[in-house]
Amino acid sequence: MSGSKMYDVVRVSEKKLIGEIIELKGEIASIQVYEETGGIGPGEPVFPTYEPLSVELGPGLMGSIYDGVQRPLDDIMKQAGNSIARGISIPGLDREHKWKFKPIKKEGNKVGGGDIIGEVQETVLVTHKVMIPPNVSGKIMHMKEGEFTVTDVVCVVETEEGEREITLMQKWPVRKPRPCIDKLPPDIPMYTGQRVIDAFFPVAKGGSACVPGPFGSGKTVIQHQISKWADADIILFVGCGERGNEMTDVLLEFPELKDPKSGEPLMKRTLLVANTSNMPVAAREASVYTGITIAEYFRDMGYSVTLQADSTSRWAEAMREISGRLEEMPGEEGYPAYLGTRIAEFYERAGRVKCLGEPDREGFITVIGSVSPPGGDLADPVVQSTLRVVKVFWDLQDRLANARHFPAIDWLSSYSLYTDSLKKWVEENIGKEFQSNVKDAMAILEREAELQEIVRLVGVESLSSEEILLLEVARSIREDFLHQNAFHEIDTYTSTKKQEKMLSAILHLYSGGLSLLKSGKTVDEIVKLPIWERISRMKYIGEKKIEDIDKINKEIDKLMG
Amino acid sequence: MVKEYRTVGTISGPLMLIEGVKEIKYAELCEIELKNGETRKGQVLEVDADRALVQVFEGTRGIDIPGTKVKFKGKGIELSLSPEILGRMFNGMGEPIDNAPEILPEKRADINGEPLNPYARNYPNEFIQTGISAIDGLNTLVRGQKLPIFSGSGLPHNSLAAQIARQAKVLGKEEKFAVVFAAMGITYEEAEFFMNDFRNTGAISRTSMFINLANDPVIERIATPRVALTAAEYLAFELEMHTLVILTDMTNYCEALREISAARKEIPGRRGYPGYMYTDLASVYERAGRLKDKKGSITLIPILTMPEDDKTHPIPDLTGYITEGQILLGRGLYRKKVSPPIDVLPSLSRLKDKGIGQGKTREDHADLFNQLIACYSRGKEAEELSIVLGEAALSDMDKLYLKFSDKFEKRYISQGDYEDRAIETTLDLGWKLLSMFPKGELKRIRDEFLEKYYGKV
């Protein structure tokens, strides 16, 4: 195998199975094959390509569904029927489709890597910016306008090494991060319409979050909710070693769901990479890189991209399986010793960046990875390696899921380290009191946990009236604010404006209740007031009628006299 | 092309190394002929230049190095398929064991199948009525779903599976329906229970059984679920039948997997199970589903007994990460004589949301089950509290919840082995139980449904 480099792609046997070189020893290369190897034996030919595993980047990405090595699953179905046959070779981007290209730069302009030279309206929601590949600079010699396929030359650049033809498509190796000028600290929130996330544990645009939890605790529903409602331009969903039916759900549901901002089908801004659990393990390892490279490409255009990986544990397990086959010395739980490094490298590709080239622009990649620790045990090496790098931790609890409290995010153990950096933005855009209200609500919940300990030991009688009222308010925060039904047509999404009003109404009721206690009412009387039921139905008030919540506040004022 | 060798090198455990072989392929099937004329089957696990490592299904006892011949078949394990497989009984490798003639194959298929393209799948959303309230009402099963039963030793998972096989139907439709039953390492008595049940209900004529009993070769057990699912795929996607597959007991399957992994001297993962067990289980479970362009479907109910009732044991844990929910049987409920003892709080059907509601079951179904579960969960909390502090320490409201959870177990979850409840009966029963509470407590139900159903059924 002389002439081939590490991580070059090869084709194995006459069936042309895709593989990648993962070890070189003298003339001998170890190849990791991305497809089932049954029926392959010694003596079969291997065809080198001399290129690393790369993805095709260009118009046509949006709305696609790819496998782990960027083969479009819909085209595979057209060619091979209902199952994924081996050795199929289909390019990631459609070669026939003609795109209308509108140039921005002119002949004679000097251009450098990352400069936007033109635009293609890819879908109604996404304007695809055609960029000069990062390693090219020079003077534009020719520039065309009109309809082109992804392989047609639209621009010729005179570089120091000679003429370079630019097409709508460029290729980029998946294991190498795309360059940017600078990384910037994330300080704008990425809202998801999920109350417990947005209010209590927000993630910033360009930040990273991790959702570990045992099976059945609702990881996938949270990921789907974020894909549906996240305030991002582009959504990338990497289904890594998970269930086939879940991918089908996304595929069938997203074209019908409307983007809350534009009213267009969500699929127009979504891209799926699906490597389900029964598809080959090696391609599962690659799928995460395929996803993040495509995300970086859209980030470079100046978009805010959300990448969701469900689940990074399956990705880590794929690494473990491959490492085991290579007979590498194992680290913790049989995982390779470089597990932590790989995880950190992956999350580090998230971020808010100043993009390469002109015009000046900022791009964001927010990465949300779910982790499926065995038995829900957070001591799992994948969870621990992930927590070392991410700044938001949504701790899903079996106990909450069993009580059907969804999203089952534990309010006491979860955290977001972005709260401080987002403070300025939140005060300017939502309200001065929002963050302090959240803090008050959190204090009530913490106090509730302490009081419940006492109740468990000595019973309710030992509590004072104020404490019983606090328990009621805490229950209301949990059931009426934190609990959210993803399958209810109104409750599924809550704007930050409504969140702010809901939370302040609950806290207003608390202070109202306290003053009633002082004026001599018993806690039983207060708890039985009909206003509590009004509070509990706030979540079903539509976005267009959120003033109704103000009416509740007025009623509370009236109660207090 | 058949190749024959007499060059057995080493034999160890279930494995044989054959030397000087040519053009042997990975995962190829072979036949081993002993000196005395007996034949056994094996499969190639590893090929390294001119050496092939073969795993012998029936074990290597009595094989010696000189007089043994190994014939390589040039293909993997295949199953003969024709509509005649219904009403028949096979061993774990798919060979008939009911003294009836061989199957004349219309088609032969590799038992490993090929991964389904997620794009070709259709989302499971057709409600299956099992007639069991704890499933229909709270953990609804839909066509094409894989929903395991997590059980423990001594719990009645077999009668629950048999009840589902007996009563399952899609409302308002008469369609072709088949059952594929695969037994892995269970006892003769357990297998006999299912056979009798199928015979008594007449279901046997639309059932294919694949039986690997506890004393059959362990390694055959690895092939059994794959053979059964190959048959199911044929029934579902070529004959367009709705196929219910019962796999019992997956714990034995995983143990066989561990046994072979140990024989191959692989680095073990958690509790000695191989690191690739997740992928291996997925290659079995993920074969359930529906396709866009085919009428049939495969609904999969694997049964597994959790060692020491521990849900975090690798077998239930990895299964739970692949399947679309789980039905969990609880020992506490079983002791209380609740039958079936389905512990509804940790049980879950992930696909229920698309299978219920208007046009499928009833408009109020989703809200109703959320409310029932929430109330039951609070009742259970109250129960715990009352165990520690005595019932007197509970608030009036908690006492009401406690009463509810008790009634809920006795009347809603509990039903007989032969009681087939229609979905309306199940839903109405839920409303009847909820009427114990004042309207204001029922926060999870929309006003319109409270208006329509509360106190009216």
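What counts and what doesn't
Residues numbered from 1 in each chain as written. Chains lettered and ligands numbered in written order. Predicted model: local features only at pLDDT ≥ 70, side-chain atom pairs only at ≥ 80, totals over all residues. Heavy atoms only, no water. Helix = DSSP H or I, 4+ residues; strand = E, 2+ residues; numbered from the N terminus. Rg over C-alpha atoms; globule rule 2.2 N^0.38 Å. Buried < 20%, exposed > 50% of the residue type's maximum accessible area, 1.4 Å probe, protein only. Contact = heavy atoms within 4.5 Å. Areas by Shrake-Rupley, 256 points an atom, 1.4 Å probe, with all protein chains shown as cover. Salt bridge = Lys/Arg side-chain N within 4 Å of Asp/Glu carboxyl O. Domains from an automatic or database assignment. Phe/Tyr/Trp six-rings, centres within 6.5 Å; stacked < 30°, edge-to-face > 60°. Lys NZ or Arg CZ within 6 Å of the ring centre and 35° of its normal. pLDDT = per-residue confidence, 0-100. Pairing = 2+ DSSP bridges. Axes fitted to C-alpha atoms, helices over the stretch in contact; angles between N-to-C directions. Parallel < 35°, antiparallel > 145°, perpendicular 65-115°, else oblique. Nonpolar A, V, L, I, M, F, W, Y, C, P; charged D, E, K, R; others polar. Lys, Arg positive; Asp, Glu negative; His and termini not counted. Polar contact = N/O pair within 3.5 Å; in protein donor to acceptor, adjacent residues only side chain to side chain. Patch = residues over 30% accessible without salt bridge, like charges linked within 9 Å, V, L, I, M, F, W, Y side chains within 5 Å. Expected span 1.5 Å × (residues − 1). Core = buried A, V, L, I, M, F, W, Y, C linked by side-chain atoms within 4.5 Å. Charge placed at Lys NZ, Arg CZ, Asp CG, Glu CD.

Helix and strand counts for chain B come out as 13 helices and 21 strands. For 457 residues, the compact-globule formula gives about 23 Å, and the C-alpha radius of gyration of chain B, at 25 Å, lands near that figure. Its C-alpha atoms put chain B at 80 × 50 × 40 Å along the principal axes. Considering chain B as a whole, with its 457 residues, one finds that 60% of them fall into the buried category. For chain B, restricting intrachain contacts to residue pairs at least 6 apart in sequence, the fraction spanning at least 24 positions comes to 72%. Summing over all exposed atoms, chain B offers an accessible surface of approximately 17,300 Å²; the carbon and sulfur share of this is 49%.

Moving on, we get to the overall build of chain A. In terms of helices and strands, chain A carries 16 helices and 26 strands. Since a compact globule built from 561 residues should have a radius of gyration of about 24 Å, the 27 Å found for chain A is in line with a globular shape. Oriented by its inertia axes, the alpha-carbon framework of chain A measures out at about 90 × 55 × 40 Å. Per-residue burial for chain A yields a buried fraction of 60% across its 561 residues. Partitioning the contacts of chain A with sequence separation of at least 6, the portion at a separation of at least 24 is 69%. Of the roughly 21,800 Å² that chain A leaves accessible, carbon and sulfur atoms contribute 51%.

All names here are of chain A. Inspection of every chain in the model, using the stated rule, returns 75 salt bridges over all chains. The closest approach of N and O atoms between Asp-300 and Arg-299, which form a salt bridge, is 3.0 Å. Comparing Asp-300 with Arg-299 shows no difference in burial state: the two are buried. A salt bridge links Lys-551 to Asp-548; its shortest N-O distance comes to 3.4 Å. One end of the pair is Lys-551 and the other is Asp-548, both in helix H16 (residues 547–560) and 3 residues apart, which spans about a single turn. Of the residues examined, Lys-551 reaches a relative accessible area of 48% and is grouped as partly exposed.

Attention now moves to the domain arrangement of chain B. Structurally, chain B comprises domain 1 (3–72), domain 2 (78–355) and domain 3 (364–453). With centres defined by C-alpha atoms, the gap from domain 1 of chain B to domain 3 of chain B works out at 61 Å.

What follows concerns the packing of aromatic side chains. Across all of its chains, the model carries 24 aromatic pairs over all chains by this definition. A centroid spacing of 6.0 Å and a plane angle of 65° characterise the contact between Phe200(A) and Phe201(A), whose relative ring orientation is edge-to-face. Taking the relative accessible area as the measure of exposure, Phe201(A) reaches 2% and is therefore buried. A ring pair is formed by Phe193(B) and Phe194(B), whose centres lie 5.5 Å apart and whose planes are at 80°; its orientation type is edge-to-face. Given a relative accessible area of 0%, Phe194(B) falls into the buried group. Grouped by ring-pair contacts, the aromatic residues Tyr376(B), Tyr401(B), Phe404(B), Phe408(B), Tyr412(B) and Phe437(B) constitute a single cluster. One Lys or Arg, Arg178(A), reaches over the ring of Trp172(A) and ends 5.2 Å from the middle of that ring. Sitting over the face of the ring of Tyr278(B), Arg314(A) holds its NZ or CZ atom 3.8 Å from the ring centroid.

In this section: the domain arrangement of chain A. Note: interface size is frequently given as the accessible area lost on complex formation between the parts. Split into domains, chain A comes out as domain 1 (99–168), domain 2 (182–417) and domain 3 (434–560). Using only C-alpha atoms to locate each centre, domain 1 of chain A and domain 3 of chain A end up separated by 57 Å.

Residues and elements named next belong to chain B. When pLDDT is averaged across chain B, the result is 91; 100% of the residues are at 70 or more. The lowest-confidence element of chain B is helix H9 (residues 352–355), averaging 86 in pLDDT; the highest-confidence one is strand E14 (residues 149–151), averaging 96. Interface predicted TM-score (ipTM) for the complex: 0.82; the corresponding pTM is 0.89.

All names here are of chain B. Relative to strand E3 (residues 15–18), strand E2 (residues 8–12) runs antiparallel, the two being bridged by 4 bridges. Bridged to Ile-11 within E3 is Met-16. Following E2, the chain reverses through 2 residues before pairing antiparallel with E3; Gly-13 in that reversal takes a positive phi of roughly 55°.

It is at 8 Å that the axes of helix H11 (residues 434–458) of chain A and helix H10 (residues 365–389) of chain B come closest, and there the two elements cross at 50°. In terms of axis orientation, H11(A) runs oblique to H10(B). Along the contact surface, H11(A) presents Val455(A), Arg456(A), Leu457(A) and Val458(A), while H10(B) presents Leu385(B), Val388(B) and Leu389(B). Grouping the constituent residues of the contact of H11(A) with H10(B) by class yields 6 nonpolar, no polar and 1 charged.

What follows deals with the sheet that holds strand E13 (residues 153–159) of chain A. Residues and elements named next belong to chain A. Strand order across the open sheet formed by 4 strands is E8-E11-E13-E14, with antiparallel pairing between neighbours. Strands with a single pairing partner mark the edges of an open sheet, and in this sheet they are strand E8 (110–111) and strand E14 (162–167). For strand E11 (residues 138–143) and E13, the ladder comprises 4 bridges, and the chain directions are antiparallel. Bridge pairing in E13 places Lys-139 opposite Glu-158.

What follows covers the side chain of Arg342(A). All names here are of chain A. Its place among the elements puts Arg-342 in helix H7 (residues 339–348). One buried charged residue, Arg-342, remains without a salt bridge, the closest side chain of opposite sign being Glu-285 at 4.2 Å. Once residues within four sequence positions are removed from consideration, Arg-342 is found in contact with Tyr-7, Glu-285, Tyr-289, Trp-315 and Met-319.

Residue and element names in this part refer to chain A. Topologically, Arg-195 is positioned in helix H2 (residues 195–200). Of the polar contacts made by the side chain of Arg-195, one reaches the side chain of Thr-494; its length is 3.0 Å. Those residues within four positions of Arg-195 in sequence are excluded, and the remaining contacts are Phe-200, Asp-480, Phe-481, His-483, Gln-484, Asp-491, Thr-494, Gln-499, Met-502 and Lys-539.

Turning our attention to a nonpolar patch on the surface. Residues and elements named next belong to chain A. A cluster of nonpolar side chains, Ile-454, Leu-457 and Val-458, forms an exposed patch at the surface whose accessible area comes to about 290 Å². The residue Ile-454 is located in helix H11 in this model. Residue classification places Ile-454 among the partly exposed residues on the basis of a relative accessible area of 35%.

Our next topic: the sheet that holds strand E4 (residues 29–33) of chain B. All names here are of chain B. On the basis of which strands lie adjacent, the open sheet formed by 7 strands has the order E1-E7-E4-E5-E6-E3-E2 and antiparallel pairing. The open sheet terminates on both sides in strands that have one partner only, identified here as strand E1 (3–5) and E2. Strand-to-strand, the axes of this sheet are offset by a mean angle of 30°, without reference to chain direction. Where E4 meets strand E7 (residues 69–72), 4 bridges bridge the pair, whose relative direction is antiparallel.

Before going further, it helps to spend a moment on helix H12 (residues 423–434) of chain B. Think of an α-helix as turning once every 3.6 residues; residues three or four places apart then point the same way. Residues and elements named next belong to chain B. The end-to-end C-alpha distance of H12 is 17 Å, a good match for the 16 Å that 12 residues give at a rise of 1.5 Å each. Those residues of H12 that fall on the buried side of the exposure criterion are Ile-423, Thr-426, Leu-427, Leu-429, Gly-430, Trp-431, Leu-433 and Leu-434. Buried residues along H12 sit in contact with strand E12 (127–128), helix H1 (133–136), H10, helix H11 (396–413) and helix H13 (447–453).

Let's shift gears to the nonpolar core. All names here are of chain A. Counting residues in each nonpolar core, the largest one holds 72 residues, and the members touching the most others are Leu-61, Ile-117 and Phe-298. A total of 10 residues in this core trace back to one element, the largest contributor, which is helix H5 (residues 281–300). Summarising the domain contributions, this core has at least three residues from each of domain 1 (99–168) and domain 2 (182–417).

All names here are of chain B. Inspection of the secondary structure puts Thr-251 in helix H5 (residues 250–263). As a C-alpha pair, Thr-251 and Ile-303 span 52 residues in sequence and 8.3 Å in three-dimensional space. A distance of 2.8 Å separates a polar atom in the side chain of Thr-251 from the backbone oxygen of Thr-305.

Residues and elements named next belong to chain B. There is a patch of like positive charges on the surface, built from Lys-403, Lys-407, Arg-411 and Lys-432. With 3 residues, the top contributor of residues to the positive patch is H11. Mapping Lys-403 onto the fold places it in helix H11.

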